[in-house]
Amino acid sequence: DAGVIQSPRHEVTEMGQEVTLRCKPISGHDYLFWYRQTMMRGLELLIYFNNNVPIDDSGMPEDRFSAKMPNASFSTLKIQPSEPRDSAVYFCASTPTSGVSRQYFGPGTRLTVT
Amino acid sequence: DQQVKQNSPSLSVQEGRISILNCDYTNSMFDYFLWYKKYPAEGPTFLISISSIKDKNEDGRFTVFLNKSAKHLSLHIVPSQPGDSAVYFCAASRTGTASKLTFGTGTRLQVTL
């Protein structure tokens, strides 16, 4: 089975533009997570979904960030408007309900906001 | 506030020697701990985990030790190989939090020839 798929792999945009990152979780996984990786803070959890429903969005930094999961095989993370401090690598991860905590990560999207 | 801390941003070890990566946590409610390995331009991949009911878990060359009283865990890699060069993240979770993980900032391990 394919792993977690993210697109695009790289995104360069100008400050003020809208950015949309996409994720396809592993089929059959009930949980989907969005993370942001920075040097200073490591991997930060932004939001996670269970069965397409947002459970905890306490990590979303500002109202400029929003995430949706319209169905079990697709999720988006949107930043509007983007700012240079949003530059980071964004990861999507998924996990099945069984067991604990082992998450499967996608390859990430490197976002650069100029 | 960083609840999971990896105070060494980098570590260099010679091939064949032992690598020891350390992790401290502050939340006493954490009861499950994981180590992830990350290569450049790839997502983190699961390496090894340990439940708080244990103090040691071993998988081949990798062993994780947990000291609950000190709120400290460590990852030992013996012997270290050049392919182990990567960033290692420590992560922690609580029962009942639906797989939510709290990650540290990572330690970059370089294994030299």
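See the structure shown above.
This text gives an overview of the structure that appears in the document. Please read all numbers here as calculations on a predicted model, not as lab measurements.

Some words on the overall build of chain B
Okay, so step 1: In terms of regular secondary structure, chain B is built from zero helices and eleven strands.
Okay, so step 2: Taken over the C-alpha trace, chain B has a radius of gyration of 13 Å; the compact-globule value for 113 residues is 13 Å, and the two agree within 12%.
Okay, so step 3: Principal-axis analysis of the C-alpha atoms places the extent of chain B at approximately 45 × 30 × 20 Å.
Okay, so step 4: Each of the 113 residues in chain B was classed as buried or not, and the buried ones make up 46%.
Okay, so step 5: Split by element, the accessible area of chain B, about 5,400 Å² in all, is 48% carbon and sulfur.
Okay, so step 6: Each charge class in chain B was averaged separately, 12 positive and 9 negative side chains, and the resulting centres sit 4 Å apart.

Observations regarding the overall build of chain A
Okay, so step 1: In terms of helices and strands, chain A carries zero helices and eleven strands.
Okay, so step 2: Put simply, chain A runs from its N terminus to its C terminus through helices and strands in the order β-β-β-β-β-β-β-β-β-β-β.
Okay, so step 3: Computed over the C-alpha atoms, the radius of gyration of chain A is 13 Å, within 12% of the 13 Å expected from 2.2 N^0.38 for a compact globule of 114 residues.
Okay, so step 4: Dimensions along the principal axes, computed over C-alpha positions, put chain A at roughly 40 × 30 × 25 Å.
Okay, so step 5: Per-residue burial for chain A yields a buried fraction of 46% across its 114 residues.
Okay, so step 6: Partitioning the intrachain contacts of chain A with sequence separation of at least 6 by distance along the chain shows that 54% fall at a separation of at least 24.

A look at the sheet that holds strand β7 (residues 62-67) of chain B
Residue and element names in this part refer to chain B.
Okay, so step 1: The five strands lie next to each other as β1-β3-β8-β7-β6, forming an open sheet whose pairing is antiparallel. The strands lining the two open edges of the sheet, one partner per strand, are β1 (4-5) and β6 (56-59).
Okay, so step 2: Where strand β3 (residues 19-25) meets strand β8 (residues 72-77), six bridges bridge the pair, whose relative direction is antiparallel. Bridge pairing in β8 places D24 opposite H72.

Digging into the packing of aromatic side chains
Okay, so step 1: Applying the stated criterion across every chain yields a total of 14 aromatic pairs over all chains.
Okay, so step 2: Ring geometry for F105 of chain A and Y36 of chain B: centres 5.6 Å apart, planes at 75 degrees, overall edge-to-face. Linking F105 of chain A in strand β10 (residues 104-105) with Y36 of chain B in strand β4 (residues 32-38), this pair reaches from one chain into another. Here F105 of chain A and Y36 of chain B have matching classes, each one buried.
Okay, so step 3: Aromatic side chains Y36 of chain B and F46 of chain B sit 6.0 Å apart centroid to centroid with 80 degrees between the ring planes, which places their arrangement in the edge-to-face category. Taken together, the residues Y36 of chain B in strand β4 and F46 of chain B in strand β5 (residues 45-51) connect sequence positions ten residues apart.
Okay, so step 4: Judged by its relative accessible area of 23%, F46 of chain B is partly exposed.
Okay, so step 5: One aromatic cluster in this structure is built from Y31, F33, Y35, Y48, F91 and F105 of chain A together with Y36, F46, F89 and F103 of chain B.

About the criteria used
Residues numbered from 1 in each chain as written. Chains lettered and ligands numbered in written order. Predicted model: local features only at pLDDT ≥ 70, side-chain atom pairs only at ≥ 80, totals over all residues. Heavy atoms only, no water. Helix = DSSP H or I, 4+ residues; strand = E, 2+ residues; numbered from the N terminus. Rg over C-alpha atoms; globule rule 2.2 N^0.38 Å. Buried < 20%, exposed > 50% of the residue type's maximum accessible area, 1.4 Å probe, protein only. Areas by Shrake-Rupley, 256 points an atom, 1.4 Å probe, with all protein chains shown as cover. Lys, Arg positive; Asp, Glu negative; His and termini not counted. Charge placed at Lys NZ, Arg CZ, Asp CG, Glu CD. Contact = heavy atoms within 4.5 Å. Pairing = 2+ DSSP bridges. Phe/Tyr/Trp six-rings, centres within 6.5 Å; stacked < 30°, edge-to-face > 60°.

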